[in-house]
Amino acid sequence: MNEAIQPLPDGHGSVTRSDAVTRSDAVTEPRASASGAEVVLKFEDVSLSFGDQVAIDHVSFEMAPGSTRVILGAAGSGKTTVLKAAIGLIKPDSGRIFLLGQEITSLDERQLFQIRSRVGVLFQEGGLFDSFTVGENVAYPLLNPKSDKVDLTLVDQKVTEALRFVELEETMEKFPAELSGGMRRRVGIARAVVKEPPLVLYDSPTAGLDPITANTIMALIAKERETANTASLIVTHRYQDGQVMSNFRYKSGSGLLNLEHVEQNGSGGPKITFMVMDEGKVVFEGTQQELEASTDEYVVKFAPKRP
Ligand SMILES: Nc1ncnc2c1ncn2[C@@H]1O[C@H](COP(=O)(O)OP(=O)(O)O)[C@@H](O)[C@H]1O
Ligand SMILES: [Mg+2]
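This one's a predicted model, so the numbers in the text were calculated from it and none came from an experiment.

A.B. asks: Sorry, what's going on with the overall build of the protein here?
C.D. replies: A count of helical and extended segments in the protein gives 10 helices and 12 strands. Going through the 307 residues of the protein one by one, you find that 45% of them count as buried. Within the protein, counting contacts between residues at least 6 apart in sequence, those at least 24 apart form 68% of the total.

A.B. asks: Please explain the sheet that holds strand S7 (residues 199-203) as it appears in this structure.
C.D. replies: The strand order across the open sheet formed by 6 strands is S6-S7-S8-S3-S11-S12, and the pairing between neighbours is mixed. One side of each edge strand has no neighbouring strand; the edge strands of this open sheet are strand S6 (120-122) and strand S12 (281-286). If you compare each strand with its neighbour and ignore which way they point, the axes differ by 15° on average. Alignment of S6 against S7, held across 3 bridges, turns out to be parallel. Paired with Leu122 across the bridge in S7 is Tyr202. Along the sheet, helix H7 (residues 211-228) contacts strand S3 (68-73), S7 and strand S8 (231-236); its crossing angle with S8, the most-contacted strand, is approximately 160°. Each of S3, S8 and strand S11 (272-278) is contacted by helix H8 (residues 239-247), which is oriented at about 165° to S3, the strand it contacts most.

A.B. asks: Would you explain the site of ligand 1 in this entry?
C.D. replies: Residues in close proximity to ligand 1 include Phe50, Gln53, Ala55, Gly73, Ala75, Gly76, Ser77, Gly78, Lys79, Thr80 and Thr81, which together make up its full environment. Broken down by secondary-structure element, the contributors of at least two residues to the shell around ligand 1 are strand S2 (53-63) and helix H2 (79-86). If you tally residues by element for the shell around ligand 1, the top one is H2, at 3 residues. Taken together, the residues of the shell around ligand 1 sort by class into 3 nonpolar, 7 polar and 1 charged.

A.B. asks: Can you walk me through the environment of Thr68 in this structure?
C.D. replies: Along the chain, the position of Thr68 falls in strand S3. Taking the C-alpha atoms as reference points, Thr68 and Asn229, 161 residues apart in sequence, are found 9.9 Å from one another. Other than its neighbours up to four places away in sequence, Thr68 contacts Arg225, Ser232, Met245, Pro270 and Ile272.

A.B. asks: Please explain helix H4 (residues 134-143) as it appears in this structure.
C.D. replies: Three or four residues apart is the spacing at which side chains of an α-helix point the same way, because the helix has 3.6 residues per turn. Most of H4 is tucked away, with 7 of its 10 residues classed as buried. Those residues of H4 that fall on the buried side of the exposure criterion are Val134, Gly135, Asn137, Val138, Ala139, Pro141 and Leu142. Where the residues of H4 are buried, they touch helix H5 (152-165) and helix H6 (181-193).

A.B. asks: Even after reading the chapter, I still don't get the environment of Ala293, so can you show me in this structure?
C.D. replies: Within the secondary structure layout, Ala293 lies in helix H9 (residues 288-293). Classification of Ala293 as partly exposed rests on a count of 13 C-beta atoms within 10 Å. Note: C-alpha distance between Ala293 and Pro304 (11 residues apart in sequence) is 9.4 Å.

A.B. asks: Please explain the nonpolar core as it appears in this structure.
C.D. replies: Within soluble globular proteins, side chains that are nonpolar generally end up buried alongside one another. Ranked by internal contacts, the top residues of the largest apolar core, which has 72 residues, are Ala86, Val138, Ala190, Leu199 and Leu201. Those residues in contact with Leu201, other than ones at most four positions away along the chain, are Leu83, Ala86, Val119, Val121 and Leu233.

A.B. asks: Looking at this model, I keep getting lost on the confidence of the model for the protein. Mind explaining?
C.D. replies: Low-pLDDT stretches of the model should not have their predicted coordinates read in fine detail. With 82% of its residues at a pLDDT of 70 or more, the protein shows a mean pLDDT of 84. In the model of the protein, helix H1 (residues 17-20) stands out as the element of lowest mean pLDDT, 42, in contrast to strand S1 (residues 41-50), which has the highest, 98. Counting contacts from residues 1-36, a segment whose pLDDT is below 50, to residues more than four positions away or on other chains yields 71 contacts.

A.B. asks: Help me out: how do you make sense of the pairing of S2 in this one?
C.D. replies: Where a strand is regular, its side chains alternate between the two sheet faces. Alignment of S1 against S2, held across 7 bridges, turns out to be antiparallel. Each bridged residue has a counterpart across the sheet, and for Val46 the counterpart in S2 is Val59. Here S1 hands over to S2 after 2 residues, with Gly51 in that stretch at a positive phi of 60°.

Criteria and thresholds
Residues numbered from 1 in each chain as written. Chains lettered and ligands numbered in written order. Predicted model: local features only at pLDDT ≥ 70, side-chain atom pairs only at ≥ 80, totals over all residues. Helix = DSSP H or I, 4+ residues; strand = E, 2+ residues; numbered from the N terminus. Buried ≥ 20, exposed ≤ 12 C-beta atoms within 10 Å, placed from the backbone. Contact = placed C-beta atoms within 7 Å. Pairing = 2+ DSSP bridges. Axes fitted to C-alpha atoms, helices over the stretch in contact; angles between N-to-C directions. Near = placed C-beta within 6 Å. Nonpolar A, V, L, I, M, F, W, Y, C, P; charged D, E, K, R; others polar. Core = buried A, V, L, I, M, F, W, Y, C linked by C-beta atoms within 7 Å. pLDDT = per-residue confidence, 0-100.

Rendered as structure tokens:
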């Protein structure tokens with residue numbers, strides 16, 4: 001899956017992952033990005049069909065820097081199409097999409113390439129190159145497209161840092177086939193965050209994983225959000241994924257499952273917006289509390305009532 005790769009280094013963001021660990025208090029109050037963009041991603045009445053099949057139907061939403069949005073929906077509800085449209089891999093039939101302050105629907109392929117490379121993406125199944133080592137996979141976004149100005153020492157350093165972040169430093173020389181499904185997903189996360197993107201898109205990050213491994217993956221996504229103040233767009237059919245994002249906060253220190261519970265909707269808790277999609281339409285948008293209070297038959301399937 002070539003589309004899983006986000007190429008080209010442009011050195012945005014100057015805070016490294018290791019020193020960003022001290023900035024976890026930045027999470028609840030997303031700041032405007034350095035470029036002054038108020039939103040990292042905005043859909044304005046976007047519709048997109050494949051032939052007769054409507055994939056997204058008049059979808060509007062926006063994400064502030066550092067915010068988290070969880071899109072829930074059944075298979076075929078349009079979740080992946082939203083992510084692909086967000087980075088210009090598919091053009092909408094109508095409506096406008098703004099990515100990192102730029103209206104992307106009118107950009108040509110080269111311009112799209114530039115802006116796409118500033119966004120981290122974890123595609124479904126991780127999308128690693130089987131013939132590349134783990135280290136080469138993680139380095140890919142830093143090295144492509146080819147440029148004369150690449151500092152290979154810096155690339156090595158960033159790859160090591162990203163693999164350390166997902167606690168897989170020792171797998172650097174291995175091939176994806178030698179790793180478990182959960183480890184491959186973690187390498188996919190390392191590759192998605194290696195350029196310290198202001199926005200990461202996660203397509204069904206826990207699909208096909210056992211519950212414990214799934215929680216590890218969500219813990220890493222929370223860790224990325226907390227340590228680098230990364231805006232996170234997560235699409236999933238597992239409500240538990242959203243619960244981890246809204247009810248837990250990453251505690252600094254080692255350990256993949258190093259999460260602490262935070263009061264739901266308490267003032268210190270992460271701010272999350274949930275969105276539920278059904279046949280391409282947004283049928284719900286709101287807080288976790290509002291989601292759990294919903295009586296809509298379809299919405300209830302994704303957010304079971306608390307006992
Ligand atoms: N490349 C494609 N060609 C034709 N139809 C597609 C394509 N991609 C998605 N679709 C259709 O668009 C709808 C939304 O798909 P998708 O966004 O993949 O849903 P989800 O990720 O929620 O499972 C589905 O009906 C799907 O069959
Ligand atoms: Mg999908």
